[in-house]
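Descriptive structure summary
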Amino acid sequence: MIKVENLHKYFDKLEVLKGIDYEIKEKEVVCVIGPSGSGKSTFLRCINLLEEITDGSIYIDGVKVNDPKTDINEIRTEVGMVFQQFNLFPHMTVLDNITMAPMLIRKMTKPDAEKLALELLDKVGLRVKADNYPQQLSGGQQQRVAIARALAMKPKVMLFDEPTSALDPEMVNEVLDVMKQLALEGMTMVVVTHEMGFAREVADRVVFMDGGFIVEQGEPEQLFGNPQNERTKAFLGKVL
Amino acid sequence: MDFLELRWDIIWNYRELFLRGIWVTILLTICGYVGGIFLGVLIGLGETSKKKWIYWPSKLYVDLFRGTPMLVQILIIHLALIPAIFGQSYGFMVSGITALILNCAAYNAEIIRAGIQSIDKGQMEAARSLGLTHSQAMRKIILPQAFRRMIPPLGNEFIALLKDSSLVTVIAANDILYAAKVVAGAYNRFWEPYLVAALLYLILTYLVTKVVAYVERRFSNSYNPRKKKEGRVEA
C-alpha cells in the first residue's frame with residue numbers, strides 16, 4: 001500500500017534520511033521507534049509530502065507521491081495525519097474542526113458532515129464536547145478530536161507523529177486506547193512513537209531507525225525480545 | 001494668555017466650515033483606510049510569498065512608503081504623479097485619498113504579514129494534511145486566526161491615519177485643520193480654532209477606540225453567537 005524506495009532527505013546540507021526502503025501493507029500497523037534526531041518524524045512527514053523529498057520515491061496505492069503530475073492534495077485526503085502538538089484549529093468548535101474538510105473538499109452537506117462528525121466523536125468518547133472550543137479541552141481530549149478530524153476524511157492510511165509525546169502521563173492511555181481501537185478495525189497505520197508498550201502490543205511490525213537509516217525491523221516479539229543489531233540493543237537497553 | 005476672554009462665537013460663525021471639515025476628514029480617513037486594507041492584504045500576502053518576483057516588489061513598496069514622510073508623498077502624488085499620469089489634477093479629494101490609501105497600505109501590509117507569520121506553522125500543516133490547498137488553508141485557517149491578532153494594530157493604524165489625514169491641508173483640502181486655519185487667519189486668533197480642531201480629532205479618535213474595542217470583543221474566541229445549532233441530535 002505504501003512503498004518507499006531509496007528515500008533521501010536533506011535539510012540544506014544536512015542529510016536526515018540516507019536511503020530508506022520500506023513497504024507497508026494494507027491493514028498493517030507499523031511503529032517507528034528510535035532516538036531523537038534519527039529521522040523517524042521526517043520519514044513520516046515525507047509520506048504525505050509535508051517534507052519535500054530530495055531523492056527517491058514513495059508510492060501510495062501505486063501512485064508516485066513525489067511525481068510533479070500527482071495532485072498532492074488528493075493524496076493527502078487519503079492519508080490522515082495526527083501531530084504531536086494536535087494542531088486543532090483554535091478558532092473553530094470541535095464540531096467545525098471535524099466537519100470543515102469533509103464539507104470543503106468532499107463536498108459533503110452540512111447535516112451529513114455533522115452526522116459523521118458526531119459518530120466519530122462518539123467513537124473517541126467526546127460527543128459532549130462538540131460545541132466546545134479546543135482550548136477548553138485537555139491535551140488528551142484535543143488529541144482524540146484530532147484523530148476524529150483526520151478520520152472524517154475517511155483516509156486509507158493514518159500517520160501518527162509522536163501522538164502522545166506532548167501529553168501529561170495520565171492522558172496518554174486515553175489516546176492510545178483510541179489508536180488500539182483503530183488498529184483492531186483494520187486501519188493501516190504508521191506510528192512514530194516512544195510508547196514501547198504500545199508498539200509491542202499493537203504493532204504488526206516495528207522499525208528501528210537511527211542516523212537516517214532503518215537499522216533493524218521485524219515483528220515486535222523478535223525486535224524487542226531478540227534484537228540483532230548493536231545499536232538496537234543499546235537503544236532498547238535505555239528505554240525499556 | 002487671553003484664556004479669560006476666549007471668543008467661542010467666532011467658531012460658531014464658522015460652524016459650517018467645521019462641519020464640512022469633519023465630514024471631509026471622516027471621508028478621507030475611511031476611504032483611505034478601506035483602500036489601504038485591500039491593498040495592504042495583497043502586499044502583506046506578497047511579503048509572505050516564497051516567490052521572489054512577488055516578495056521583492058511587495059517589500060520594496062513597504063520600504064518606500066514607510067521610509068518617506070507622508071507629507072512628501074501627498075505633495076508628490078498631488079502635484080506630480082496624478083498630473084503626470086492623467087494630464088490634470090482631480091482635486092484634493094482624489095489626491096488625498098490616493099495618498100492615504102498608498103501610505104496606509106504599507107503599514108497595514110506589515111501588520112498583516114506579522115499577523116500571518118505569528119500563526120503556528122502546525123496550523124498550515126494540519127490544514128494541508130487534510131487535503132486543503134494552500135489558498136484554502138489561508139482563507140479558512142490562517143487568515144481568520146491572524147485577523148484576530150491584527151485587530152489591535154489595525155485599530156492603531158486607523159487612529160494614526162485619522163490624525164495623519166490632517167496633512168492633506170497642505171494641498172488645500174478643506175478638512176478639520178483647514179477650517180481651523182481659516183478661522184485663525186480671519187480673526188488672527190489661535191487658541192479657539194486650534195483647540196476646537198484638536199478636540200474634534202480627539203472625539204473622533206475616541207469613537208474609533210470604542211469601535212476597535214467592540215470588534216476585538218466580537219471576534220474573541222469565547223464569544224459564540226450560535227450557542228447551540230438547531231437540528232442537532234444531542235447526546
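One numbering rule holds for all chains: residues counted from 1, following each sequence as written. For this description, chains carry letters from A and ligands carry numbers from 1, given in the order in which they are written. Side-chain atom pairs in this predicted model are given and counted only at pLDDT of 80 or more, local residue features only at pLDDT of at least 70, and totals for whole chains, interfaces and linings cover all residues. To obtain the side-chain values, all non-hydrogen atoms of the structure were included, while hydrogens and water were left out.

1. Details of the sheet that holds strand β10 (residues 213-218) of chain A
Residue and element names in this part refer to chain A. Our working rule: Strands are treated as partners if at least two bridges between them are detected by DSSP. Segments assigned H or I by DSSP are reported as helices when at least four residues long, segments assigned E as strands when at least two residues long, and all are numbered from the N terminus. To get an axis, fit a line to the C-alpha atoms, keeping to the stretch in contact for a helix; angles then go from 0 to 180 degrees between the N-to-C directions. Whether two residues touch is decided by their heavy atoms; if any such pair falls within 4.5 Å, the residues are in contact.
If you trace the six strands from one edge of the open sheet to the other, you get β6-β7-β8-β3-β9-β10, paired in mixed fashion. Edge positions in the open sheet fall to β6 (79-82) and β10, since each of these has one partner strand only. Looking at each pair of strands side by side, their axes are set apart by 20° on average, direction ignored. Alignment of β6 against strand β7 (residues 157-161), held across four bridges, turns out to be parallel. Paired with Val79 across the strands is Val157, a residue of β7. Contacts from helix α9 (residues 230-239) reach β3 (29-33), β9 (205-210) and β10 within the one sheet, and its direction differs from that of β9 by about 100°.

2. Remarks on the interface of chain A and chain B
Test applied: Computed with a 1.4 Å rolling probe, the buried area is the accessible surface lost when two parts are put together, summed over both parts. Salt-bridge detection follows one rule: a side-chain nitrogen of Lys or Arg within 4 Å of a carboxyl oxygen of Asp or Glu. The term polar contact refers here to a pair of N or O atoms within 3.5 Å; inside protein, the definition further demands a hydrogen-donor-capable atom paired with an acceptor-capable atom, and it admits residues adjacent in sequence only when both atoms are side-chain atoms.
Facing 33 residues of chain A, the contacting portion of chain B comprises 29 residues. When the two sides are added together, the surface that chain A and chain B hide from each other amounts to roughly 2600 Å², 54% of it contributed by carbon and sulfur. Among the residues chain A hides against chain B, the three largest losses belong to His91(A), Leu104(A) and Asp131(A). Together they make up 22% of the total. Summed over the shared surface of chain A and chain B, the result is one salt bridge. Residues Glu125(B) and Arg45(A) are paired through a salt bridge, measuring 2.6 Å at the closest nitrogen-oxygen approach. Counting across the chain A and chain B interface gives five residue pairs in polar contact (both at pLDDT 80 or more).

3. Thoughts on the nonpolar core
As a rule of thumb, nonpolar side chains are buried together in soluble globular proteins. The line we're drawing: Note on terminology: a nonpolar core comprises buried Ala, Val, Leu, Ile, Met, Phe, Trp, Tyr and Cys residues joined through side-chain atoms within 4.5 Å. Burial classes follow relative accessibility: with a 1.4 Å probe on protein chains only, a residue under 20% of its type's maximum area counts as buried, one over 50% as exposed, and anything between as partly exposed.
Judged by nonpolar contacts, the single largest core of 93 residues is most densely connected at Ile2(A), Leu7(A), Phe43(A), Ile58(A) and Leu132(B). Considering each element in turn, this core owes the most residues, twelve residues, to helix α7 (residues 134-164) of chain B. With 51 residues, the next largest nonpolar core counts Leu151(A), Met187(A), Met189(A) and Ala199(A) among its residues.

4. A few points about the UniProt feature "domain: ABC transmembrane type-1" (unreviewed entry) in chain B
As a reminder, the rule being used: UniProt positions are given in the numbering used here, feature names are shortened, and annotations may be inferred rather than shown by experiment.
In the numbering used here, UniProt assigns the "domain: ABC transmembrane type-1" (unreviewed entry) feature to residues 22-212 of chain B. From the first C-alpha to the last, residues 22-212 of chain B spans 20 Å; its make-up is 84% helix and 0% strand.

5. Side note on the sheet that holds strand β5 (residues 63-64) of chain A
Residues and elements named next belong to chain A. Reading across from one edge, β2-β1-β4-β5 is the order of the four strands in this open sheet, with antiparallel pairing throughout. What marks the edges here is a single partner per strand, and that holds for β2 (14-24) and β5. Pairing between strand β1 (residues 2-11) and strand β4 (residues 55-60): five bridges, direction antiparallel. When the sheet's bridge partners are listed, Val4 is paired in β4 with Ile58. Running over the sheet, helix α1 (residues 40-47) touches β1, β2 and β4 and is turned about 120° from β1.

6. Structural notes on the packing of aromatic side chains
Counted only if it meets this: Aromatic contacts are taken between Phe, Tyr and Trp rings whose centres are within 6.5 Å, Trp giving its six-membered ring; a plane angle under 30 degrees counts as stacked, one over 60 as edge-to-face, and the others as tilted. For a Lys NZ or an Arg CZ to count as sitting over a ring, it must be within 6 Å of the ring centre and within 35 degrees of the ring normal.
In the structure shown here, the tally under the stated rule is seven aromatic pairs over all chains. A centroid spacing of 5.0 Å and a plane angle of 80° characterise the contact between Tyr55(B) and Trp56(B), whose relative ring orientation is edge-to-face. Ring geometry for Phe147(B) versus Phe219(B): centroids 5.4 Å apart, planes at 90°, classification edge-to-face. In this pair, Phe147(B) is assigned in helix α7 and Phe219(B) in the segment after α9 (191-218), connecting sequence segments 72 residues apart. Residue classification places Phe219(B) among the partly exposed positions, given a relative accessible area of 32%. For Arg149(A), the ring lying beneath its charged end belongs to Phe89(A), and the centroid distance is 4.4 Å. If you follow Arg218(B) out to its NZ or CZ, it ends over the ring of Phe219(B), 5.3 Å from the centre.

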